[in-house]
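# Descriptive analysis of the structure
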Amino acid sequence: MRAFISFLSLGIVFFSAGIGAAQETSAAPRMFLEDGRLDLDAVVHHFDNLYRADSSIAVAEFTVTRPNRTRSMTMKIWTRGRDKALILVQAPVREAGTATLKVGDNLWNYLPRIKRTIRIPPSMMLASWMGSDFTNDDLVRESSFTDDYTYRLLGPSEDPPGWLVAFDARPGVAGLWNRIEVIISKDGTIPVQARYFDRRDRPARSMHWDEVRVFDGRRLPARMVLIPEDEEGHRTEMKYREIRFDVEVPEGTFSLSNLERQR
């Protein structure tokens, strides 16, 4: 899966840890040219590969906020290769065992209360995933900031501090976003904030990253918050508890039979 991003698009980056890429270390990579200018190509390449690995296992807290209620879940996430992911709800008890399986462009949900596996049809791709501000389409869409967008440095950002980079969808690339504006940290290594503009160039949602930590040798934001522009009081928060990259994840993890055994 590819980032928001992918986790999930940047919007769902926490689901996108399953792409082959070199292991990053906690040491900061070089993001500036010898003359002191920001090396935008290096920044975007680093950003595109921030959460990626040949495989991963993660545990995360997922919180959905609405005007009159808040619900939280603990999830375990397995990824392997470019197109396989399994997401299992572990808590609370009433939702434990609910699971989502992604294989290529196919998506299935397992619902333990009725003991049924449901394949998500194309007509439901824009529906909410797990009652959150993410959609089913966020989970299956594969996109790359280097392949699907042109990018340009707009200049420094003051609030929040960092560098403002604009990503414009390439002609002919299918997707929901016409443009994404991303603020990168001053050292060029960490995403801080992003705003997404729809195909009519209207602001649609924003993403915020913070609580930077080192996970398995990588310095990453532990928390991401997605906020839709047109729904007051709505937000979805994802916070990693742990992530392990390039670990052994058997191929059978991503089968329908295993999806149903997770209960």
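Before any of the text, the structure's been laid out above.
Below is a short write-up of the structure. (Residues numbered from 1 in each chain as written. Predicted model: local features only at pLDDT ≥ 70, side-chain atom pairs only at ≥ 80, totals over all residues. Heavy atoms only, no water.)

So, on to the overall build of the chain. Across its full length, the chain holds three helices and 13 strands. A total of 263 residues make up the chain; the buried ones form 54% of that total. Working note: accessible area of the chain is about 12,100 Å², and carbon and sulfur atoms make up 48% of it. (Helix = DSSP H or I, 4+ residues; strand = E, 2+ residues; numbered from the N terminus. Buried < 20%, exposed > 50% of the residue type's maximum accessible area, 1.4 Å probe, protein only. Areas by Shrake-Rupley, 256 points an atom, 1.4 Å probe, with all protein chains shown as cover.)

A separate point is the packing of aromatic side chains. Given two aromatic rings, one states the distance between the centres and the angle between the planes to describe the pair. Within this structure, the stated rule accounts for eight aromatic pairs. Pairing Y151 with F167 gives two aromatic rings, centres 6.1 Å apart and planes at 50°, and the pair type is tilted. Of this pair, Y151 sits in strand β7 (residues 149–158) while F167 sits in strand β8 (residues 161–169), and the two are 16 residues apart along the sequence. The class of F167 is buried, set by a relative accessible area of 1%. Put simply, the rings of F62, W129 and F134 pair up and form one aromatic cluster. Here the basic side chain of R179 rests over the ring of F197, its NZ or CZ set 3.8 Å away from the ring centre. Sitting over the ring of F245, R218 keeps its end group 3.9 Å from the ring centre. (Phe/Tyr/Trp six-rings, centres within 6.5 Å; stacked < 30°, edge-to-face > 60°. Lys NZ or Arg CZ within 6 Å of the ring centre and 35° of its normal.)

Looking now at the pattern of salt bridges. Enumeration according to the criterion identifies 18 salt bridges in this entry. Here R195 makes a salt bridge to E229, at a shortest N to O gap of 3.7 Å. Of the two residues, R195 sits in strand β10 (residues 191–198) while E229 sits in the loop between β12 (218–228) and β13 (235–245), which places them 34 residues apart along the sequence. Here K239 ties to E211 by a salt bridge, and the two come within 3.0 Å at their closest N and O atoms. Separated by 28 residues along the polypeptide, K239 in strand β13 and E211 in strand β11 (residues 203–215) bring together distant segments of the chain. Judged by relative accessible area, E211 falls into the partly exposed class, the value being 37%. (Salt bridge = Lys/Arg side-chain N within 4 Å of Asp/Glu carboxyl O.)

Okay, unusual backbone geometry next. In this model, A91 is joined to P92 through a cis peptide bond whose omega is 5°. Counting through the fold element by element, P92 comes out in the loop between β3 (84–91) and β4 (99–103). For the peptide bond that leads from D159 to P160, omega is 0°, which places it in the cis range. Here the phi dihedral of D216 falls at roughly 50°; this positive angle occurs in a residue that is not glycine. Mapped onto the elements, D216 comes out in the loop between β11 and β12. One non-glycine residue, D246, adopts positive backbone phi at about 50°. Its location among the elements puts D246 in the loop between β13 and α3 (256–261).

Pairing of strand β1 (residues 55–66) with strand β2 (residues 69–80) involves twelve bridges; the strand directions are antiparallel. Across the sheet, T65 pairs through a bridge with T70, a residue of β2. In this sheet, β3 lies alongside β2 in antiparallel orientation, the contact comprising seven bridges. Within the sheet, the bridge partner assigned to T79 lies in β3 and is A85. The turn joining β2 and β3, which pair antiparallel and follow one another in sequence, is formed by three residues; a positive phi near 65° is taken by G81. (Pairing = 2+ DSSP bridges.)

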